[in-house]
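# Descriptive analysis of the structure
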Amino acid sequence: MKNIMKSVGKLVFGTIVFITVFFSSCKKKEHPLGVSQIDSSDLLHSKGIDTFSLKTYCFIEDSIISDNPAFSLLGSYHDPVFGEFDASFYTQIRLSGDNPDFGDVSTIVIDSFVLALEYRGRYGEKGDQTIEVYELTEDLYLDSTYYSFETKTTQPTNLVQGTGIFNLDDEATTVVGGDTVLPQLRIPIDTNLARVLIVEAMSGSGTFADNDAFNSYFKGLHIKTNNGVQAPGEGGVFHFNITDPDSKLTIYYHQAGEQKEFDFYINSYCADYNHV
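What you see is a predicted model; the values in this text were computed from it and never measured.

### Describing the nonpolar core
- Core analysis: the biggest nonpolar cluster contains 40 residues, and Phe 113, Leu 115, Val 133, Leu 185, Ile 187, Ile 189 and Phe 264 have the highest contact counts within it.
- By residue number, the principal contributor to this core is strand S4 (residues 108-124), which donates six residues.
- Excluding its chain neighbours within four sequence positions, the residues that come into contact with Ile 187 are Phe 113, Val 114, Leu 115, Leu 117, Ile 131, Val 133, Val 160 and Phe 166.
- Core analysis: the second largest hydrophobic core is formed by six residues, Tyr 90, Leu 136, Leu 140 and Tyr 273 among them.

### Regarding the side chain of Lys 219
- Looking at where Lys 219 falls in the secondary structure, it is placed in the loop between helix H3 (211-217) and strand S10 (221-225).
- For Lys 219, the side chain forms a polar contact with the side chain of Asp 139, separated by 2.9 Å.
- Only 3.0 Å separates the side chain of Lys 219 from the backbone oxygen of Ser 216, close enough to count as a polar contact.
- Apart from the residues within four sequence positions on either side, Lys 219 is in contact with Gln 92, Leu 136, Thr 137, Glu 138 and Asp 139.

### Focus on helix H2 (residues 191-201)
- Within H2, the full set of buried residues consists of Leu 193, Ala 194, Leu 197, Ile 198, Glu 200 and Ala 201. Down the axis of H2, the buried side of the element spans an arc of 165 degrees, and every buried residue falls inside it.
- For H2, the elements touching its buried residues are S4, H3, strand S12 (248-255) and strand S13 (258-265).
- Put simply, Asp 190 is the residue that caps the front of H2, since its side-chain oxygen is 3.0 Å from the backbone nitrogen of Asn 192.

### Re the layout of surface pockets
- A volume near 530 Å³ is recorded for the largest pocket.
- Along the walls of the largest pocket sit 19 residues, with Ile 60, Glu 61, Glu 84, Phe 85 and Val 276 positioned nearest its centre.
- Looking at the lining of the largest pocket, the elements that each hand over two or more residues are strand S1 (72-79) and strand S2 (83-91).
- Top contributing element to the lining of the largest pocket by residue count: S2, with four residues.
- Residue composition of the lining of the largest pocket, grouped by class: ten nonpolar, four polar and five charged.
- By volume, the second largest pocket amounts to about 160 Å³.
- Along the walls of the second largest pocket sit Gln 92, Arg 94, Asp 139, Leu 140, Tyr 141, Asn 211, Asp 212, Asn 215, Ser 216, Lys 219 and Tyr 269, which together make up its complete lining.
- Examining the composition of the lining of the second largest pocket, we find that four residues originate from one element, H3, more than from any other.
- In terms of residue class, the lining of the second largest pocket is made up of three nonpolar, four polar and four charged.

Procedures and definitions
Along each chain, residue indices are assigned from 1 in the same order as the chain's sequence is written. Local features in a predicted model are, by the rule used here, given only for residues with pLDDT of at least 70; side-chain atom pairs are given and counted only at 80 or more, and totals for whole chains, interfaces and linings are based on all residues. Side-chain metrics in this entry use all non-hydrogen atoms of the structure; hydrogen atoms and water are not considered. Remark: nonpolar core denotes a set of buried residues (Ala, Val, Leu, Ile, Met, Phe, Trp, Tyr, Cys) joined through side-chain atoms within 4.5 Å. Note on classification: 1.4 Å probe, protein chains only; a residue is buried when its accessible area is under 20% of the maximum for its type, exposed when over 50%, partly exposed between these limits. Secondary structure elements are defined from DSSP: runs of H or I of at least 4 residues count as helices, runs of E of at least 2 residues count as strands, and each element is numbered from the N terminus. For this analysis, residues touch if any pair of their heavy atoms sits within 4.5 Å. Throughout this description, a polar contact denotes any pair of N or O atoms lying within 3.5 Å of each other; where both atoms belong to protein, one of them has to be capable of donating a hydrogen while the other can accept it, and for residues adjacent in sequence the pair is counted only when both atoms sit in side chains. As used here, the arc is the angular range of directions from the helix axis to the C-beta atoms. Cavities and pockets are defined on a 1 Å grid built over the protein atoms alone: a cavity is a set of grid points where a 1.4 Å probe fits but cannot escape, while a pocket is an open set with protein on both sides within 12 Å along at least five of seven lines, and lining residues are those with an atom within 4 Å of any such point. Grid points are joined across faces, edges and corners, and a volume is the space filled by probe spheres set on the points. Amino acid classes used here: Ala, Val, Leu, Ile, Met, Phe, Trp, Tyr, Cys and Pro are nonpolar; Asp, Glu, Lys and Arg are charged; the rest, including Gly, are polar.

Structure representation (structure tokens):
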């Protein structure tokens, strides 16, 4: 019995020693080097209570250069904290070929005229917004500087066909001519304008001789929203890559039973800027 008690005692003592050594080895060693050089009043403390109030303010910055942006912005939303935000953009368009030959204009039947804008993302929510498109009456210049507060004059007629209400969705499946392409916003434009452009191209006036002549004749487009009052948290602003080859203005028509199309490009040679 005495031997058993001695064995138990040794076991308990050994266990205590092991635990003491284990926990002492886990403790991070403190080094006094440099402690005397630190003013105790400069030390950070994790204990304490702050009773002061923090007030912040926003200031409108109205001199942002916004020409030749990485992405064009379109849409509006109502932020619950910062209020209403609305974005539109101005851009030139260019010919896909000089002096296009449409043949006998009287034999042309225009099927549709579509402005395609390739999505690149969004801020806010997907959903319905009312879009308007207007023809510019002021020139844009590629070598000029444009600011986000600037506006340009336009013709008074909204060129969008139909109600103008679109479900903006940068994740929607888009099929064009049987092919699935990256998500696009496809805006139907008044086909009367398409016919005006075709007639002008065949008039012999020289306005379709090259892009400089064309941009003097057709100065560009203003694409905007007109959503009215939005509730806090409602709406969104969408980013578009308008210099992508799939972003363009296309006349779809048929002539003598043959389906045809003609593109107007939006590329890096076009002057464009965001208006916010």
